[in-house]
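Observations on the model geometry
The chain contents come next:
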Amino acid sequence: MTRTLLLNSGPHGQASHGYQLAAEMLAELGLSQQQLVERDLLASPIPPIGRDYVLAVTSGASAEAPALAWSETLISELEASELLLIVTPMHNFAIPATLKLWLDHVIRIHRSFESTPEGKIGLIKDRPTLVLVSSGGFHTGPRARQEDFLTPYLRYALASIGIRNVHFVLLQGLVFGPDAVATAVDAARDVLRAQLEPFKRQAQGALTAAR
Ligand SMILES: Cc1cc2nc3c(=O)[nH]c(=O)nc-3n(C[C@H](O)[C@H](O)[C@H](O)COP(=O)(O)O)c2cc1C
């Protein structure tokens, strides 16, 4: 069984264009609801990083420490998935605060990465990861009028824990009316279809292993 973790980080929940494309993709891969762990980071908020968490991390507290409970839950959820889907809007040229908070709990020293003189070494198994990024304007291509700190940051942050097989699909120009939205969704769907292979392989591999 291929377990997929879907992180939905935007204010529109299931109504977002990114979420709807993610749902189409899951259907195309033949993955059922039972194989999906969905975390709506806005509807079910993660607590902010507090002093207890910082003290637990810096004092090398055990993974069972109550202050690390959220971090453990989120990391375990990630470890238990073979596919990772992230639906995110661009907020002020970067990821929204909800997704940043998820990363702050998940990127944890001695748990999801080790620090070495050569840099961070990720401890999480790599897996095909799809990031659907929605933006009101354009940040790549000929109509780009703003910087994109989202894709390089998220790629770097995920790589720091070992997740490098990351594919970005962009839905750009969503504030320019229904025609622009339809164009953006169609273009993103085409890009998504062209990138489905690693996700299909993972889904089929897990099916074969289960037989
Ligand atoms: C607080 C906030 C900040 C935003 N910042 C940006 C931005 O920097 N660049 C951009 O193109 N759109 C920005 N937007 C627009 C959103 O990215 C866009 O409305 C959203 O992604 C719609 O996509 P969805 O329906 O798939 O969620 C911002 C929206 C909000 C609410």
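Residues numbered from 1 in each chain as written. Predicted model: local features only at pLDDT ≥ 70, side-chain atom pairs only at ≥ 80, totals over all residues. Heavy atoms only, no water.

1. Here we look at the pairing of strand E1 (residues 4–8)
- Taken across its five residues, E1 has five buried, putting it largely inside the fold.
- Tracing the backbone out of E1, into helix H1 (residues 17–28) and back to the parallel element strand E2 (residues 36–40) gives a crossover that is right-handed.
- Sheet topology note: the E1/strand E3 (residues 83–89) ladder contains five bridges and is parallel. Bridge pairing links leucine 5 to leucine 84 in E3. (Buried < 20%, exposed > 50% of the residue type's maximum accessible area, 1.4 Å probe, protein only. Helix = DSSP H or I, 4+ residues; strand = E, 2+ residues; numbered from the N terminus. Right-handed = clockwise from strand over helix to strand, strands pointing away. Pairing = 2+ DSSP bridges.)

2. A short note on the side chain of threonine 151
- With respect to the helices and strands, the residue threonine 151 is situated in helix H5 (residues 150–160).
- Of the residues examined, threonine 151 reaches a relative accessible area of 16% and is grouped as buried.
- A polar side-chain atom of threonine 151 sits 2.3 Å from a polar atom in the side chain of aspartate 148.
- Beyond its immediate stretch of four places on either side in the chain, threonine 151 contacts Val133, Phe168 and Leu170. (Polar contact = N/O pair within 3.5 Å; in protein donor to acceptor, adjacent residues only side chain to side chain. Contact = heavy atoms within 4.5 Å.)

3. Quick notes on the packing of helix H4 (residues 97–106) against H5
- Where H4 contacts H5, the axes come no closer than 11 Å and their chain directions differ by 20 degrees. What the angle tells us is that H4 and H5 run roughly parallel. Handedness of the H4/H5 crossing: left-handed. Between H4, through Leu99, Lys100 and Leu103, and H5, the contact on the second element is made entirely by Tyr153, Leu154, Ala157 and Leu158.
- Broken down by class, the residue content of the contact of H4 with H5 amounts to six nonpolar, no polar and one charged. (Axes fitted to C-alpha atoms, helices over the stretch in contact; angles between N-to-C directions. Parallel < 35°, antiparallel > 145°, perpendicular 65-115°, else oblique. Left-handed = near helix turned anticlockwise from the far one by under 90°. Nonpolar A, V, L, I, M, F, W, Y, C, P; charged D, E, K, R; others polar.)

4. Re helix H3 (residues 69–79)
- The complete set of buried residues in H3 reads Ser71, Glu72, Leu74, Ile75, Glu77 and Leu78.
- Turning to H3, the residues buried within the fold contact E1, E2, helix H2 (51–58), E3 and H4.

5. A closer look at the sheet that holds E1
- An order of E2-E1-E3-E6-E7 is seen for the five strands of this open sheet, with the pairing classed as parallel. In the strand order of this sheet, the two ends are held by E2 and strand E7 (166–171), each with one partner. Geometrically, the sheet is characterised by an average inter-axis angle of 15 degrees between neighbouring strands, direction not taken into account.
- Across the face of the sheet, H3 comes into contact with E1, E2 and E3 while running at roughly 140 degrees to E2.

6. Section: the pairing of E2
- Bridge count between E1 and E2: five bridges; the pairing is parallel. Residue pairing in the sheet places leucine 6 in a bridge with glutamate 38 of E2.

7. Comments concerning the side chain of threonine 2
- One can find threonine 2 in the segment before E1.
- Of note is the side chain of threonine 2, whose polar atom sits 3.2 Å from the backbone oxygen of alanine 203.

8. Some thoughts on the site of the ligand
- Neighbouring the ligand are 15 residues; Met90, Asn92, Phe93, Ser134 and Gly137 lie closest to it.
- A distance of 2.8 Å is found between a nitrogen atom of the ligand and a backbone nitrogen or oxygen belonging to asparagine 92.
- Glycine 136 has a polar backbone atom sitting 3.0 Å from a nitrogen atom of the ligand.
- Expressed as a share of its isolated accessible area of 630 Å², the protein-covered part of the ligand is 72%. (Near = heavy atom within 4 Å. Areas by Shrake-Rupley, 256 points an atom, 1.4 Å probe, with all protein chains shown as cover.)

9. What about the nonpolar core?
- Ranked by size, the top nonpolar core spans 28 residues in total, and within it Leu7, Leu78, Leu99, Trp102, Leu154 and Ile163 carry the most contacts.
- The set of elements that each furnish at least two residues to this core consists of E1, H3, E3, H4, strand E6 (129–134), H5 and E7.
- With five residues, the top contributor of residues to this core is H4.
- Leaving out residues up to four positions away in the same chain, leucine 99 has contacts with Leu7, Ser9, Leu41, Ile86, Thr88 and Leu154. (Core = buried A, V, L, I, M, F, W, Y, C linked by side-chain atoms within 4.5 Å.)

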